[in-house]
Amino acid sequence: MRRTQLAILAPALILALPSPGAAANEDVEKGREMAERLCAVCHMNAGQGEKAAASGVPSFNAVANRPNQTAEGVEAWLRSVPPMMPNHRLKRDETSALAAFIMSLRKAP
């Protein structure tokens, strides 16, 4: 009897779980909202690319498209509180969401 119930309930339980894609899309959208509020003035300017000098500011698009860039790498950099940036005191989930947004700008090879 138990196996029959499990066989009937298992597909329903799987369908009830949020899809990984939905969670990723929510992170990207949350990250986009944060970026527009906290970062746009410096990192989201039209025509902005990679930083031209040590004191330059790269666009998020340029950051996302650096060779071998990963979301984990972006998160680690954000958590390091770079001295040239304001400390927004981001929580771990906010850092992950911002990194997800930045990496969503990566162009397919």
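All values derive from a computational prediction rather than experimental measurement.

Conventions adopted
- Each chain has its residues counted from 1, following the order in which its sequence is written.
- Only residues with pLDDT of at least 70 get local features here, since the model is predicted, and only at 80 or more are side-chain atom pairs given and counted; chain-wide, interface and lining totals rely on the full set of residues.
- Hydrogen atoms and water are omitted, and side-chain values are computed over all heavy atoms in the structure.
- The numbering of helices and of strands both runs from the N terminus, where a helix is a DSSP run of H or I of at least 4 residues and a strand a run of E of at least 2.
- Whether a residue is buried, partly exposed or exposed follows from its accessible area with a 1.4 Å probe, protein chains only, as a fraction of its type maximum: under 20%, in between, or over 50%, in that order.
- What makes two residues a contact is simply this: any of their non-hydrogen atoms within 4.5 Å.
- Reported accessibility uses the Shrake-Rupley method at a 1.4 Å probe radius. Residues are deemed covered only where the shown protein chains occlude them.
- Asp and Glu are treated as the negative residues and Lys and Arg as the positive ones, with His and the ends of the chain left uncounted.
- Think of a salt bridge as a Lys or Arg side-chain nitrogen and an Asp or Glu carboxyl oxygen that are within 4 Å of each other.
- On a range of 0 to 100, pLDDT expresses the predictor's confidence in each residue.
- Each helix should span, by expectation, one fewer than its residue count multiplied by 1.5 Å.

A. Structural view of the overall build of the chain. On a plain count of helices and strands, the chain comes out with five helices and zero strands. Secondary structure of the chain in N-to-C order comes out as α-α-α-α-α. Counting all 109 residues of the chain, 24% fall into the buried class. Taking as baseline every contact in the chain between residues at least 6 positions apart, the subset at least 24 positions apart corresponds to 56%. Only carbon and sulfur atoms are counted for the fraction: they give 60% of the accessible area of the chain, which is about 7900 Å².

B. Representation of the side chain of Glu94. Note on placement: Glu94 falls in helix α5 (residues 92-104). Here Glu94 occupies a buried position and makes no salt bridge, while the nearest side chain of opposite charge, Lys91, is found at 5.1 Å. Setting aside anything within four residues of it in sequence, one finds Glu94 in contact with Lys30, Met34 and Arg89.

C. Region of the structure containing the confidence of the model for the chain. Of all residues in the chain, 79% attain a pLDDT of 70 or more, and the chain-wide mean is 85. Mean pLDDT across the elements of the chain ranges from a minimum in helix α1 (residues 2-16), with 55, to a maximum in α5, with 97.

D. Structural view of α5. Across its 13 residues, α5 extends 18 Å between first and last C-alpha, which sits within 8% of the 18 Å expected from 1.5 Å per residue. Taken together, the buried positions of α5 are Glu94, Thr95, Ala97, Leu98, Ala99, Ala100, Phe101, Ile102 and Met103.

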